[in-house]
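Summary of the model geometry
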Amino acid sequence: MSKMRTVVVTGSASGMGAATKARFEADGQRVIGIDIRDADIVVDLGTAVGRQAAIDAIEAQSDGAIDGLVTWAGLAGLTRSAGSRLVSVNYFGSVALHEGMRPFLANGDRPAAVVISSNSTTCQPGVPMDVVERCLAGDEAGARDAADAAGAVATYPATKTALAWWARRNAPTADWAGAGIMLNVVAPGAVETPLLQASREDPVIGHLIDAFPVPVGRKASADELAAFVQFLLGPDARFFCGSVVFVDGGTDAQLRADDFPQPMA
Ligand code: NAD
């Protein structure tokens, strides 16, 4: 029997995080869940204090060695939400955990990490690039100001674009690939979860959720996305490095067929 692996899952209380936790546990792996509620480690990843508390707790509970990390914790871009909160939870809450747990991953067995983006990065027009740039510059205060000016609906794909670029910048470096840690990105499309339902109930943008084209003709289940993340964190995905994989029922392909791959200039 193979050795039990330790996998850290943020957003483990609901939706795709909960489905991922259930999959790994059904496979006999150890999962340490992090969430703002109902988790092994209860913290607010939208704050620096909460992020550090999560990193410290993981170090204590894992003896500083983990084999996998996936950061599902995130907020939808609803019209009543503050853009600044999305910046702090979605972008800085994810990046701080990947950076903080990188040394624990380096001590792990065939370690891998997955960042959660979204197909809103390429399928929602009007991404505020100042939010993206300030996120990537590590300027949380500046990104929060720009996000409040842009609003949460537009900020959502900005946080997810910044996450994908952060991962692609870092995945091939000595700290990640060079340390044997495979870092990749999953960009889901419409997945039936409480987050999608909350978006559907938004008084302004709600009607767009089910109008969005999905060529396979349905939404994904949370477990379908969990299955792919389990593969990326597993032993058969060791040549995935810096990939951004759209798991979206064909929406991105339908809207932007020839935009990717782009030949080198
Ligand atoms: P969900 O709302 O069911 O789960 C999100 C989890 O994150 C919840 O358990 C919530 O408590 C936790 N969380 C929120 N704020 C937090 C904070 N400050 N600190 C700690 N935990 C916090 O949502 P889901 O649909 O499973 O989404 C998971 C991820 O997938 C999100 O990052 C979302 O942006 C992304 N995503 C979802 C869809 C979709 O259609 N559902 C599509 C693309 C991307």
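Residues numbered from 1 in each chain as written. Predicted model: local features only at pLDDT ≥ 70, side-chain atom pairs only at ≥ 80, totals over all residues. Heavy atoms only, no water.

1. Comments concerning the site of the ligand
In the neighbourhood of the ligand, 31 residues make up the surrounding shell, with S14, M16, D35, Y156 and T193 lying closest. M16 has a polar backbone atom sitting 2.8 Å from an oxygen atom of the ligand. Between the ligand and T193 there is a distance of 2.5 Å, counted from an oxygen atom to a side-chain nitrogen or oxygen. Within the complex, the protein chains bury 94% of what would otherwise be the 830 Å² of accessible surface of the ligand. Considering each element in turn, the shell around the ligand owes the most residues, 3 residues, to helix α8 (residues 194-200). (Near = heavy atom within 4 Å. Polar contact = N/O pair within 3.5 Å; in protein donor to acceptor, adjacent residues only side chain to side chain. Areas by Shrake-Rupley, 256 points an atom, 1.4 Å probe, with all protein chains shown as cover. Helix = DSSP H or I, 4+ residues; strand = E, 2+ residues; numbered from the N terminus.)

2. Structural notes on the nonpolar core
Counting residues in each nonpolar core, the largest one holds 42 residues, and the members touching the most others are I34, I58, Y91, M101 and W166. Counting only elements with at least two residues in this core, the list comes to β2 (30-35), α2 (48-62), α3 (83-106), β5 (112-116), α5 (129-136), α6 (140-150), α7 (152-170) and β6 (182-188). Discounting residues that sit within four places of it in the chain, I58 has contacts with V8, I32, I34, I41, I66, M101 and F104. By size, the runner-up hydrophobic cluster in this structure holds 23 residues, among which are V31, I116, L232 and L233. (Core = buried A, V, L, I, M, F, W, Y, C linked by side-chain atoms within 4.5 Å. Buried < 20%, exposed > 50% of the residue type's maximum accessible area, 1.4 Å probe, protein only. Contact = heavy atoms within 4.5 Å.)

3. Things to note about the pairing of β2
Most of β2 sits inside the fold, with 5 of its 6 residues counted as buried. Sheet topology note: the strand β1 (residues 6-10)/β2 ladder contains 5 bridges and is parallel. Each residue of the ladder has a partner; that of T10, found in β2, is I34. Traced from β1 through helix α1 (residues 15-26) to β2, the parallel crossover comes out right-handed. In terms of strand pairing, β2 meets strand β3 (residues 41-42) through 2 bridges, oriented parallel. Within β3, the position partnered with D35 by the bridge is V42. (Pairing = 2+ DSSP bridges. Right-handed = clockwise from strand over helix to strand, strands pointing away.)

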